[in-house]
Amino acid sequence: MEETLTIQNVVASATIGTDLDLNAISAAFDYAEYEPEQFPGLVFRLKEPKTAALIFRSGKVVCTGAKSVEDVHRAVAKVQSELSAAGFPVTTDDPGIVVQNIVCTADLKTELNLNAVAIGLGLEKVEYEPEQFPGLVYRLSNPKVVVLIFGSGKLVCTGAKAVEHAAGAVERIRNEFQSLGLM
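Residues numbered from 1 in each chain as written. Predicted model: local features only at pLDDT ≥ 70, side-chain atom pairs only at ≥ 80, totals over all residues. Heavy atoms only, no water.

Participant: Sorry, what's going on with the overall build of the protein here?
Facilitator: A count of helices and strands for the protein gives 4 helices and 10 strands. Its helices and strands taken in sequence order, the protein reads β-α-β-β-β-β-α-β-α-β-β-β-β-α from the N to the C terminus. A globule of 183 residues ought to have a C-alpha radius of gyration of about 16 Å, yet the protein, at 20 Å, is considerably larger. In terms of principal-axis extent, the alpha carbons of the protein reach across some 60 × 30 × 25 Å. Within the span of the protein, comprising 183 residues, buried residues form 43% of the whole. The long-range fraction of contacts in the protein, counting pairs at least 24 apart against all pairs at least 6 apart in sequence, stands at 60%. (Helix = DSSP H or I, 4+ residues; strand = E, 2+ residues; numbered from the N terminus. Rg over C-alpha atoms; globule rule 2.2 N^0.38 Å. Buried < 20%, exposed > 50% of the residue type's maximum accessible area, 1.4 Å probe, protein only. Contact = heavy atoms within 4.5 Å.)

Participant: Sorry if this is basic, but what is going on with the nonpolar core here?
Facilitator: Within soluble globular proteins, side chains that are nonpolar tend to cluster in buried spots. Counting residues in each nonpolar core, the largest one holds 52 residues, and the members touching the most others are F44, I55, L83 and I149. Apart from residues lying up to four places away in sequence, I55 is in contact with L20, L22, G41, L42, F44, K60, V61, V79 and L83. (Core = buried A, V, L, I, M, F, W, Y, C linked by side-chain atoms within 4.5 Å.)

Participant: How should the environment of A52 be read in this particular structure?
Facilitator: Considering the arrangement of structural elements, one finds A52 in strand 4 (residues 51-55). In this structure the C-alpha to C-alpha distance between A52 and C104, which are 52 residues apart in sequence, comes to 18 Å.

Participant: What's the story with the packing of aromatic side chains in this structure? I'm lost.
Facilitator: Within a pair of aromatic rings, the relevant descriptors are the distance that separates the centres and the angle that separates the planes. A full pass over the atoms with the stated rule returns 6 aromatic pairs. Ring plane angle 75° and centroid distance 5.2 Å describe the contact between Y31 and F44, whose orientation is recorded as edge-to-face. You can see Y31 sitting in the loop between helix 1 (22-28) and strand 2 (32-33) and its partner F44 sitting in strand 3 (residues 42-46), a full 13 residues away along the chain. Of the residues examined, F44 reaches a relative accessible area of 0% and is grouped as buried. (Phe/Tyr/Trp six-rings, centres within 6.5 Å; stacked < 30°, edge-to-face > 60°.)

Participant: How should I be thinking about the pairing of strand 5 (residues 60-66) in this particular structure?
Facilitator: The side chains of a regular strand alternate, residue by residue, between the two faces of the sheet. Direction of pairing for strand 1 (residues 6-15) relative to strand 5: antiparallel, over a ladder of 5 bridges. In the sheet register, T15 faces strand 5, and the bridge partner there is K60. As paired strands, strand 4 and strand 5 are joined by 4 bridges and run antiparallel to one another. Note on strand 5: the bridge partner recorded for L54 is V62. What sits between strand 4 and strand 5 in their antiparallel hairpin is a turn of 4 residues, with G59 showing a positive phi close to 95°. (Pairing = 2+ DSSP bridges.)

In structure tokens form, the structure reads like this:
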């Protein structure tokens, strides 16, 4: 049975220029928020794709909230385009987008006994303290991701640099659980 992987958030970094005047950008766009005493970056919110670009004076950008890697590329291009059209010195060249983190969810569609899962996977590989947190934390080294596993069979995978890594982690967990007789 194939689980559906749902991307919840893609976080990526890029570079769109140097020495940006965040006060001037904030004044030029009503959907930009800049409060340097709270946070050193300007928050540039886009409706389509629904994302937030954190823009720093250095020209570095962190795009968050995207539902796909394609949306990250669209969002960064839109930020470049809007700032350039308003006269800000941004590069229209390749911004060098690097995916930092992909957060996905999946559902194994079966109830899990997390105590049995913790023992089956090996206590040295997991963190499970049900009085502190209702999920089991499983850190995989290949692919290098962290998966939160819940008794409902739902999974949250974080730390992936590519969707394929998250999908591979979910498939690996399903196979491990099946071979251990946990599902």
